[in-house]
Amino acid sequence: MTTAIYPGSFDPLTFGHVDVIERSARLFDHVIVSILTNPQKSALFSVDERIEIMQDILKPRFPNVEVAVFHGLLVEYARQRNAQVIVRGIRAVTDYEYEFQMALMNRRLAPGIETVFMMPAENYSYLSSRLVKEIAELGGSVAGLVPEIVEKRLKQRFRKGK
Ligand code: PNS
């Protein structure tokens, strides 16, 4: 049985993430989509909100996908969860340097854990949570880039902020 961890901030979940999750759910027996809790990094959505959003979208579609939270070293968490694989989405060459560095450092720390890169569909290759937040904050449309529930929550969030 192969368990894979797909770690990230998911602030918020985009269709690019969902695409990678769908591909991972087809390849691996169990996929743990894990939200990093990082007190140093300010997030738009709280961890609880992100869990709620992600469960709402992923649970009905992917029975072998679990939503979880982690803190500390990723490889330690992977060991605790008996995961053999770390999944990362790679969009463009610009992602490569950072991802390459992380994958090799993780390999040094835990040689038994393999990082697998997945390319989301090309129409999501320019999509990022950061841009989605910026567009939503400035009143632009993020339809087709994020699930509807995320779109709604973004609208609520920035309406409140005004
Ligand atoms: O998609 P993101 O938000 O860039 O995800 C980054 C993440 C969570 C994969 C990375 O920051 C991470 O693994 N953090 C946990 C701490 C850790 O293990 N650091 C050493 C990495 S070599």
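Let me begin by describing the structure that accompanies this report. (Residues numbered from 1 in each chain as written. Predicted model: local features only at pLDDT ≥ 70, side-chain atom pairs only at ≥ 80, totals over all residues. Heavy atoms only, no water.)

Sheet analysis places strand β4 (residues 85–89) next to strand β5 (residues 114–118), joined by 5 bridges and oriented parallel. If you follow Ile86 over to β5, its bridge partner there is Thr115. Traced from β4 through helix α4 (residues 93–109) to β5, the parallel crossover comes out right-handed. (Pairing = 2+ DSSP bridges. Helix = DSSP H or I, 4+ residues; strand = E, 2+ residues; numbered from the N terminus. Right-handed = clockwise from strand over helix to strand, strands pointing away.)

Let's shift gears to the environment of Glu122. Looking at the secondary structure, you find Glu122 in the loop between β5 and α5 (129–137). Its relative accessible area of 67% is what places Glu122 among the exposed residues. Considered as a pair, Glu122 and Ala143 are 21 residues apart in the sequence and their alpha carbons are 17 Å apart. (Buried < 20%, exposed > 50% of the residue type's maximum accessible area, 1.4 Å probe, protein only.)

For the rest of this paragraph, the subject is helix α1 (residues 15–27). With 13 residues, α1 ought to run about 18 Å at 1.5 Å a step, and its terminal C-alpha atoms sit 19 Å apart, in line with that. By the burial criterion, the buried members of α1 are Gly16, His17, Val18, Asp19, Val20, Ile21, Ser24 and Ala25. Two or three places before Gly16, at the start of α1, stands the capping residue Thr14, its side-chain oxygen 3.1 Å from that residue's backbone nitrogen. (Expected span 1.5 Å × (residues − 1). Polar contact = N/O pair within 3.5 Å; in protein donor to acceptor, adjacent residues only side chain to side chain.)

Now for the packing of aromatic side chains. All told, the structure shown has 4 aromatic pairs when counted by the stated rule. Measuring from centroid to centroid gives 5.2 Å for Tyr6 and Phe10, while their planes differ by 80 degrees, and the two rings are edge-to-face. Residue classification places Tyr6 among the buried residues on the basis of a relative accessible area of 5%. Ring geometry for Tyr96 and Phe100: centres 5.4 Å apart, planes at 25 degrees, overall stacked. (Phe/Tyr/Trp six-rings, centres within 6.5 Å; stacked < 30°, edge-to-face > 60°.)

What follows deals with the nonpolar core. Judged by nonpolar contacts, the single largest core of 35 residues is most densely connected at Ile21, Val33, Met54, Leu58, Val65, Val87 and Leu154. For this core, the secondary structure elements donating two or more residues are β1 (3–8), α1, β2 (30–36), α2 (47–61), β3 (65–70), β4, α5 and α6 (148–161). Aside from chain neighbours lying at most four places away, what touches Met54 is Phe10, Leu13, Val33, Ile35, Lys59 and Val67. With 12 residues, the next largest nonpolar core counts Ala68, Leu74, Tyr77 and Ile86 among its residues. (Core = buried A, V, L, I, M, F, W, Y, C linked by side-chain atoms within 4.5 Å. Contact = heavy atoms within 4.5 Å.)

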